[in-house]
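# Notes for the structure review
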2 protein chains.
Amino acid sequence: MKAVIPYKKASAKSRLSPVLTREEREEFVELMLNQVIDTLKEAGIGTIDILSPSTYGLENMTKANVLLDKSDLNEALNRYLKQAEEPVIIVMADLPLLSSKHVKEIISTKKDVCVVPGKGGGTNSLFIKNPSRYTVRYYGSSFLTHCSIAEETGQSVEVYDSLFAGTDIDEPEDLVELLIHGSGAAKKYISKKFRLEMSRGRVRLVHI
Amino acid sequence: MKAVIPYKKASAKSRLSPVLTREEREEFVELMLNQVIDTLKEAGIGTIDILSPSTYGLENMTKANVLLDKSDLNEALNRYLKQAEEPVIIVMADLPLLSSKHVKEIISTKKDVCVVPGKGGGTNSLFIKNPSRYTVRYYGSSFLTHCSIAEETGQSVEVYDSLFAGTDIDEPEDLVELLIHGSGAAKKYISKKFRLEMSRGRVRLVHI
């Protein structure tokens, strides 16, 4: 059992650029990455690999292994899976609401594959018991794709239903979820810059 | 144990008006309401009350009781709770991804109150064992408010973590979730009008 976290710090999270500068986004993704690593460790996962196209921002990483692969996300992950000789959990780096309880439940699945959907049909985490028999295809509605890939290759699938594990931080409105439900360094960073404001019955993010 | 569903058909779901006409929105909310009622029945809840400011669209409702109250949502619900002599689950009418499994788990809570968060700090469902000791305050970040109200009155709280129970249908992008994860009449209605399209790695709603 090992975990792999795809990660890229340089100019990360461009969809947050309306509210955070590039420097801030890079600081923020690093905090989120560290939180995800801590969560995986807390869940008892011994081997944690970060898969990145560059060492930028990972020069001093001691909590996890850094694997370099300049290919695109799918190619790099599929190469990783092909070589893996044990079950793999792929975890996105932008899941600051993911808890060790979630991770323990995901990896306890009785099925061959466990897919954790994010909003808009994304895949926030993917646990694969037989990685050499599986290929990933992120982007687009990857949730449906990842369910189909399992079915087409005769592997059973569990869908892990969690609002918090399902919350990936991509857009300004996602920061609202972090401020409401989050904890730890990533939330602290955002709560120094923004507060929540009620307007017309809805919650909005306001720069401090 | 009984369930109450706040409901208003007239000019419902104005935030869907960029993609659905008023007539379509009214048809759609009625389908969602019926789906929620069926889900509650399937979960074994015997008494289901619809709380509405008007009988409009409820003239032929036979699956649930119709209670009229022209007051605003909070006032009407708090009056309802005050008179309730048994545990109450409040369920919003716009939760077509809610399943009977969710409902059964929510009402099985060991705590006094179970809050089901929706996106943006909303409250999609609220289970209250001692309704005469509780008041609701919807709008704004009602999730945090509802947790606080319980704590301030010495009632313990469970947060029910579900992406699907947490998906209320308010905005066009929520229809994407319905098309990806949904089933039943509400999904069927939307899938006759829209399809999903992949563009720049993201899933978008396109009129058929």
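Cut-off values and rules
For every chain, the first residue of the written sequence is number 1, and numbering continues from 1 along that sequence. Following the order in which they are written, the chains are lettered starting with A and the ligands numbered starting with 1. With pLDDT at 70 or above as the cut-off, local features in this predicted model cover only qualifying residues; side-chain atom pairs require 80 or more to be listed or tallied, and sums for whole chains, interfaces and linings still use all residues. Hydrogen atoms and water are omitted, and side-chain values are computed over all heavy atoms in the structure. Superposition of the copies was done by least squares, using only C-alpha atoms of residues whose pLDDT is at least 70 in both. The contact criterion used is simple: two residues touch if any of their non-hydrogen atoms lie within 4.5 Å. To qualify as a helix, a DSSP run of H or I must reach at least 4 residues; to qualify as a strand, a run of E must reach at least 2; elements of each kind are numbered from the N terminus. The rule is simple: take the accessible area with a 1.4 Å probe, protein chains only, and divide by the maximum for that residue type; under 20% is buried, over 50% is exposed, in between is partly exposed. In protein, a polar contact means a hydrogen-donor-capable atom and an acceptor-capable atom, both N or O and within 3.5 Å, with residues adjacent in sequence counting only if both atoms are side-chain atoms; elsewhere, any N or O pair within 3.5 Å suffices. Summed over both partners, the accessible surface that disappears when two parts come together, traced with a 1.4 Å probe, is what is meant by buried area. Within this document, salt bridges are pairs made up of a side-chain nitrogen of Lys or Arg and a carboxyl oxygen of Asp or Glu, the two lying within 4 Å of each other. Just so you know the grouping, Ala, Val, Leu, Ile, Met, Phe, Trp, Tyr, Cys and Pro go in nonpolar, Asp, Glu, Lys and Arg go in charged, and all remaining residues, Gly too, go in polar. Only when DSSP finds a minimum of two bridges between them are two strands counted as paired. Note on geometry: axes are lines fitted to C-alpha atoms, helical ones only across the stretch in contact, with angles between N-to-C directions running from 0 to 180 degrees. Any two rings among Phe, Tyr and Trp, with Trp reduced to its six-membered ring, count as a pair given centres within 6.5 Å; such a pair is stacked if its planes are under 30 degrees apart, edge-to-face if over 60, and tilted if neither. Only buried residues count toward a nonpolar core. Its members are Ala, Val, Leu, Ile, Met, Phe, Trp, Tyr and Cys residues joined through side-chain atoms within 4.5 Å.

So, on to the relation of the copies chain A and chain B. In the superposition of chain A on chain B (RMSD 0.0 Å, axial shift 0.0 Å), the rotation amounts to 180 degrees. With respect to symmetry, the two chain copies, as superposed, fit the operation of a two-fold axis. Of the residues that chain A buries at the interface, 100% are likewise interface residues in chain B, meaning the two copies contact each other through the same surface.

Residue and element names in this part refer to chain A. Position of Thr-109 relative to the elements: it lies in the loop between α3 (100-107) and β5 (113-117). Classification of Thr-109 as buried rests on a relative accessible area of 5%. The residues touching Thr-109, leaving out its near neighbours within four places in the chain, are Cys-114, Phe-127, Lys-129 and Glu-158.

Let us look at the environment of Lys-63 of chain B. All names here are of chain B. Mapped onto the secondary structure, Lys-63 falls in the loop between β2 (47-52) and β3 (65-68). Distance from Lys-63 to Arg-22, taken between C-alpha atoms, is 25 Å for residues 41 residues apart in sequence. When sequence neighbours within four positions are dropped, the list of residues in contact with Lys-63 reads Asn-34, Ile-37, Asp-38 and Lys-41. Looking at Lys-63, its side chain comes within polar contact range of the side chain of Asn-34, at 3.0 Å. A polar side-chain atom of Lys-63 sits 2.8 Å from a polar atom in the side chain of Asp-38.

Listed per partner, the contact involves 27 residues of chain A and 27 residues of chain B. Both faces combined, the contact of chain A with chain B buries some 2200 Å², and carbon together with sulfur accounts for 59% of it. The three residues of chain A that bury the most area against chain B are Asp-161, Leu-163 and Ile-180 of chain A, which together make up 26% of that side's buried surface. Our count for the contact surface shared by chain A and chain B stands at zero salt bridges. For the interface between chain A and chain B, the tally reads 10 residue pairs in polar contact (both at pLDDT 80 or more). Looking at the side of chain A that touches chain B, the elements that each hand over two or more residues are α4 (142-152), α5 (172-181) and β9 (202-207) of chain A. Top contributing element to the side of chain A that touches chain B by residue count: α5 of chain A, with five residues. Here the residues of the side of chain A that touches chain B sort into 11 nonpolar, nine polar and seven charged.

All names here are of chain A. Positive phi, close to 50 degrees, is recorded for Ser-11, a residue that is not glycine. Considering the arrangement of structural elements, one finds Ser-11 in the loop between β1 (2-6) and α1 (22-42). Residue class for Ser-11 comes out partly exposed when judged on its relative accessible area of 39%.

Another point: the sheet that holds β5 of chain A. Residue and element names in this part refer to chain A. Ordered by their spatial adjacency, seven strands build an open sheet running β3-β2-β1-β4-β6-β5-β7, and the pairing between neighbours is mixed. Taken across any chain shown, the strands that pair with only one partner, and hence form the sheet edges, are β3 (65-68) and β7 (157-159). On average, adjacent strands in this sheet sit at an angle of 20 degrees to one another, irrespective of strand direction. With five bridges connecting them, β5 and strand β6 (residues 123-128) associate as antiparallel partners.

Glancing now at the packing of aromatic side chains. All names here are of chain A. In this structure the tally under the stated criterion is two aromatic pairs over all chains. For the pair Phe-28 and Tyr-189, a centre-to-centre distance of 6.2 Å together with 15 degrees between the ring planes defines the contact as stacked. Of this pair, Phe-28 sits in helix α1 while Tyr-189 sits in helix α6 (residues 184-191); the two residues are 161 residues apart in sequence, bridging distant segments of the chain. With a relative accessible area of 0%, Phe-28 lands in the buried category. What makes Tyr-189 buried here is its relative accessible area of 13%.

Position of Cys-147 of chain B relative to the elements: it lies in helix α4 (residues 142-152). The exposure class of Cys-147 of chain B is buried, given its relative accessible area of 11%.

We now examine the nonpolar core. Counting residues in hydrophobic clusters, the biggest one holds 140 residues, and the most contacted among them are Phe-28 and Ile-90 of chain A together with Phe-28 and Ile-90 of chain B. Leave out the neighbours within four places in its chain, and Ile-90 of chain B touches Val-4, Pro-6, Leu-77, Leu-81, Asn-124, Ser-125, Leu-126, Ile-128, Val-136 and Tyr-138 of chain B.

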